[in-house]
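Chain by chain, the residues:
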Amino acid sequence: MEMVRVETETERPATAPAEEHRDLRTVFPSLAAQEVEAIKSAAPSAMNFVSEKELEELKAKGGLRPEDGTISVDKSLAEVLAEAKAKKEEAFQEGWRTMKQGKNKPLDEDEIEFLDQVEDEKIKLDRALKANESAEIDSFRLAVAQQAQTVVVRPQASGLLSGHKATAASGSLFAPKAKPKKA
């Protein structure tokens with residue numbers, strides 16, 4: 001699907017005359033309206049006044065927090081960081097303990113030994129299959145070489161007897177004898 005740009009009345013081509021001054025509202029009217037709404041909505045909260053009722057609601061919703069002034073900070077930054085690190089370490093250890101259960105647990109020595117034996121047997125079987133295949137290929141090549149050396153000639157119109165064997169050493173495998181030339 002091809003995209004097509006449709007110009008609105010507020011949009012003008014980039015080749016507008018230089019004397020026309022364009023501002024944000026004329027170029028992007030929807031963005032300008034959003035910016036104005038954002039400024040209007042931020043103005044009352046910029047003073048950060050909170051009534052007692054709103055403060056109680058905040059405490060009920062989010063609990064006591066030092067950021068909003070509902071509780072005082074009694075601990076140093078180092079203590080807070082050490083507690084956070086301890087919580088993180090405890091969460092990691094709990095995850096590690098649950099990982100060691102069920103299908104994700106590490107293998108025992110007996111299981112590792114068994115898997116090593118299975119792998120060794122598989123390697124031995126593969127080697128035996130390769131050796132057997134090599135022996136069969138060698139015997140096939142030998143049979144082909146022997147067959148190439150001894151060829152059985154079938155009777156043809158040339159008058160050869162059936163069962164006559166011609167060898168590669170005799171020099172005439174299927175070739176008719178040459179006739180003597182007359183002088």
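What counts, and where the lines are drawn
Residues numbered from 1 in each chain as written. Predicted model: local features only at pLDDT ≥ 70, side-chain atom pairs only at ≥ 80, totals over all residues. Heavy atoms only, no water. Helix = DSSP H or I, 4+ residues; strand = E, 2+ residues; numbered from the N terminus. Buried < 20%, exposed > 50% of the residue type's maximum accessible area, 1.4 Å probe, protein only. Contact = heavy atoms within 4.5 Å. pLDDT = per-residue confidence, 0-100. Patch = residues over 30% accessible without salt bridge, like charges linked within 9 Å, V, L, I, M, F, W, Y side chains within 5 Å. Areas by Shrake-Rupley, 256 points an atom, 1.4 Å probe, with all protein chains shown as cover. Salt bridge = Lys/Arg side-chain N within 4 Å of Asp/Glu carboxyl O. Lys, Arg positive; Asp, Glu negative; His and termini not counted. Charge placed at Lys NZ, Arg CZ, Asp CG, Glu CD.

Chemist: Sorry, what's going on with the overall build of the protein here?
Modeler: Helix and strand counts for the protein come out as 5 helices and 2 strands. Burial status across the protein gives 2% buried among its 183 residues. The contacts in the protein between residues at least 6 apart in sequence include a share of 0% that link residues at least 24 apart.

Chemist: What is the right way to read the confidence of the model for the protein from this model?
Modeler: Interpretation of this model should avoid reading the predicted coordinates in detail wherever pLDDT is low. Overall, the predicted model of the protein reaches an average pLDDT of 75, with 59% of residues at or above 70. Taking the mean pLDDT of every element in the protein, the minimum, 52, falls on strand S2 (residues 165-167) and the maximum, 94, on helix H5 (residues 109-149).

Chemist: Is there a simple way to think about a nonpolar patch on the surface in this case?
Modeler: Together, Leu-107, Ile-112, Phe-114, Leu-115 and Val-118 line one region of the surface with nonpolar side chains, adding up to about 440 Å² of accessible area. Structurally, the position occupied by Val-118 is in helix H5.

Chemist: Before we go on, may I ask you to explain a negative patch on the surface in this structure?
Modeler: A contiguous patch of negative charge on the surface is contributed by Asp-108, Glu-109, Asp-110, Glu-111, Glu-113, Asp-116, Glu-119, Asp-120 and Glu-121. Mapped onto the elements, Asp-116 comes out in helix H5. Residue classification places Asp-116 among the partly exposed residues on the basis of a relative accessible area of 40%.

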